[in-house]
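Below are the chains, spelled out letter by letter.
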Amino acid sequence: DAGITQSPRYKITETGRQVTLMCHQTWSHSYMFWYRQDLGHGLRLIYYSAAADITDKGEVPDGYVVSRSKTENFPLTLESATRSQTSVYFCASSESTGFRLIFFGQGTRLTVV
Amino acid sequence: GENVEQHPSTLSVQEGDSAVIKCTYSDSASNYFPWYKQELGKRPQLIIDIRSNVGEKKDQRIAVTLNKTAKHFSLHITETQPEDSAVYFCAAIISSGSARQLTFGSGTQLTVLP
């Protein structure tokens with residue numbers, strides 16, 4: 001859906017570098033999420049946010065930092081990238097209380113070399 | 001999702017046949033169970049969901065059934081077509097400490113053979 005966009009779509013970075021993945025939604029959804037997708041693991045929640053300035057850890061938060069100063073943006077930062085963070089990252093949003101009716105962005109394929 | 005198990009991991013069916021994908025969950029407080037379809041290189045998209053106060057829900061060729069006692073739910077696709085080929089993910093809301101999170105199964109690669 002055009003309402004939630006991620007950038008960049010593809011990124012190659014070196015081990016130890018800081019990298020930020022951007023996520024922007026135009027629906028004014030309260031909830032936003034970051035998932036990573038790896039073969040054999042499905043989608044795993046990294047961080048989520050219930051509203052501006054409210055964030056919480058998911059299943060796999062180590063090595064990641066998030067912020068949400070504005071409702072529409074939810075950037076994900078890898079402070080010091082490691083090879084194990086090579087993955088496809090999906091941002092998502094939901095207008096509902098909790099986790100119903102989640103809509104995903106197009107994904108960012110990140111490779112750490 | 002360690003708390004949501006999905007089977008099988010791969011499934012091949014002939015066009016026109018039915019496909020069934022099953023998931024089990026661990027949290028008896030779970031009350032929402034969505035299914036997502038992900039085509040190759042694309043984002044996951046919600047195709048159907050069910051709440052715990054309903055035992056079955058249908059939408060054209062797809063249906064989901066829920067057995068709360070046994071803590072399992074299933075996706076049924078009838079009259080399969082080649083465009084149904086994709087990875088399907090189940091999910092359930094799982095309590096983790098004081099938080100509740102939507103936890104996904106590991107996915108099922110469905111291939112519909114013409």
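Structure report, in brief.

Details of the interface of chain B and chain A
Point 1. Every contact between the two is made by 19 residues of chain B and, on the other side, 21 residues of chain A.
Point 2. Roughly 1700 Å² of surface becomes buried between chain B and chain A when both sides are summed, with 54% attributable to carbon and sulfur atoms.
Point 3. It is R43(B), Q101(B) and F104(B) that lose the most area in chain B upon contact with chain A, and together they represent 32% of the buried surface on that side.
Point 4. At the boundary of chain B with chain A, the tally comes to zero salt bridges.
Point 5. Element by element, the count of residues in the side of chain B that touches chain A is highest for strand β10 (residues 99-104) of chain B, at five residues.

Considering the sheet that holds strand β1 (residues 4-7) of chain B
Residues and elements named next belong to chain B.
Point 1. Within the open sheet, the five strands sit side by side as β1-β3-β8-β7-β6. Their pairing is antiparallel. The open sheet has two edge strands, β1 and β6 (56-59), and neither has a second partner. Taken pair by pair, the neighbouring strands of this sheet meet at an average axis angle of 15°, ignoring direction.

Describing the side chain of R44(A)
Point 1. With respect to the secondary-structure elements, R44(A) resides in strand β5 (residues 42-51).
Point 2. Each residue touching R44(A), except ones within four places of it in the same chain, is listed here: W34(A), Y35(A), R36(A), D38(A), E59(A) and V60(A).

About the criteria used
- Residues numbered from 1 in each chain as written.
- Chains lettered and ligands numbered in written order.
- Predicted model: local features only at pLDDT ≥ 70, side-chain atom pairs only at ≥ 80, totals over all residues.
- Heavy atoms only, no water.
- Contact = heavy atoms within 4.5 Å.
- Buried area = accessible area lost by both parts, 1.4 Å probe.
- Salt bridge = Lys/Arg side-chain N within 4 Å of Asp/Glu carboxyl O.
- Helix = DSSP H or I, 4+ residues; strand = E, 2+ residues; numbered from the N terminus.
- Pairing = 2+ DSSP bridges.
- Axes fitted to C-alpha atoms, helices over the stretch in contact; angles between N-to-C directions.

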